[in-house]
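Residue-level structure breakdown
Now for the letters of each chain:
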Amino acid sequence: MESLDNLVNALKKFPAIGPKSARRIAFYLLKQEDSELERLGSLISGLKKDVVTCSHCGNISSKDPCNICSDPLRDRNILCIVDDLESLSAFEQSGIYNGLYHVLGGNFAGEITDESADFLSRHIRELNPDEVIIASSPRIEGDMSYYTLIDVLRGLGVENVTRLAYGLPLGGSIEFADRMTLHTALEGRRRV
Ligand SMILES: [Zn+2]
């Protein structure tokens, strides 16, 4: 059955979905009503229509500036630099942080591109925050991305730079940290 095989192959590309899970999902879908499949299809096809990337922080939202940057109740004196949208989402879900974010984005494997450094610099000049928290996931000991980031921040004259206390396993992702671990990591952040 070609349509089923094609669907399984498409589902296998999803994060955390292996061949077995892909098959299970495909068979689950096969049992659903046509109307439900149409609804799911339109949710997927419409997903990006309503989503814009915030030109200030790199978060996604239905508007620019995003709902976090434009929220008057957020503390604009603290900026938390995260690797990706998943990490931002983990912080937001945990409800432990009320400052602003900056999403470095892309495949942040030990290198910060000129483009992402410029984007960050613009955001920091615009905000002039009292504290910048580096919350990138620890990948390797002596992470180059971390030192590049420090250089960029020092170059901008940011004096109060902190880093999360880990807590978090090396190579582990903030995305999967539980609320308690994130909270401890944030509370125990140290000036660098
Ligand atoms: Zn934003």
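Check the entry above for the structure.
Residues numbered from 1 in each chain as written. Predicted model: local features only at pLDDT ≥ 70, side-chain atom pairs only at ≥ 80, totals over all residues. Heavy atoms only, no water.

Things to note about the nonpolar core
Ranked by size, the top nonpolar core spans 40 residues in total, and within it Cys80, Val82, Phe91, Tyr97, Tyr101 and Leu153 carry the most contacts. Looking at this core, the elements with two or more residues in it are strand E3 (75–82), helix H4 (85–94), strand E4 (99–103), helix H5 (114–127), strand E5 (131–134), helix H6 (144–155) and helix H7 (179–187). In this structure, leucine 153 is in contact with Ile81, Leu120, Ile124, Val132, Ile134, Val158 and Val161, ignoring residues within four places of it in sequence. Core analysis: the second largest hydrophobic core is formed by five residues, Leu4, Val8, Leu11 and Ala22 among them. (Core = buried A, V, L, I, M, F, W, Y, C linked by side-chain atoms within 4.5 Å. Buried < 20%, exposed > 50% of the residue type's maximum accessible area, 1.4 Å probe, protein only. Helix = DSSP H or I, 4+ residues; strand = E, 2+ residues; numbered from the N terminus. Contact = heavy atoms within 4.5 Å.)

A short note on helix H1 (residues 2–12)
Buried residues of H1: Leu4, Val8 and Leu11, and no others. The buried residues of H1 occupy an angular sector of 65° when the element is viewed end-on, so they sit on one face. Facing away from the buried surface of H1 by more than 90 degrees, the exposed residues are Glu2 and Ser3. The elements touched by buried residues of H1 are helix H2 (19–30). (Arc of directions from axis to C-beta.)

Structural notes on the coordination of the zinc ion
Around the zinc ion, the protein supplies Cys54 (SG), Cys57 (SG), Cys66 (SG) and Cys69 (SG) as donor atoms, at distances of 2.3 Å. Bound by four donor atoms, the zinc ion shows angles of 105 to 115° at the metal and therefore tetrahedral coordination geometry. Read in sequence order, the donor residues coordinating the zinc ion give the pattern C-x2-C-x8-C-x2-C. Separated by 15 residues along the polypeptide, cysteine 54 in the loop between strand E1 (52–53) and strand E2 (60–61) and cysteine 69 in the loop between E2 and E3 bring together distant segments of the chain. (Donors = N, O, S within 2.8 Å, 3.2 Å for Na, K, Ca; no water. Tetrahedral: all angles 85-135°; square planar, octahedral: opposite > 155°, others 65-115°.)

Focus on the side chain of arginine 74
The topology assignment puts arginine 74 in the loop between E2 and E3. In terms of polar contacts, arginine 74 uses its side chain to reach the backbone carbonyl oxygen of glycine 99, at 3.0 Å. Contact partners of arginine 74, with chain neighbours within four places excluded, come to Ile68, Glu92, Tyr97, Asn98, Gly99, Leu100 and Tyr101. (Polar contact = N/O pair within 3.5 Å; in protein donor to acceptor, adjacent residues only side chain to side chain.)

Remarks on the pattern of salt bridges
This structure, assessed with the given rule, holds four salt bridges. When the shortest N-O distance is used, the salt bridge between arginine 74 and glutamate 92 registers 2.9 Å. Taken together, the positions of arginine 74 in the loop between E2 and E3 and glutamate 92 in helix H4 put the pair 18 residues apart, joining distant regions of the chain. By relative accessible area, glutamate 92 is classed as partly exposed at 28%. Where glutamate 131 meets arginine 189, a salt bridge forms, and the shortest distance between an N and an O atom there is 2.6 Å. A residue pair is termed long-range when its members are at least 10 positions apart, and glutamate 131 in strand E5 and arginine 189 in the loop between H7 and strand E7 (190–191) qualify at 58 residues. Its relative accessible area of 9% is what places glutamate 131 among the buried residues. On the basis of relative accessibility, which here comes to 26%, the residue arginine 189 falls in the partly exposed class. (Salt bridge = Lys/Arg side-chain N within 4 Å of Asp/Glu carboxyl O.)

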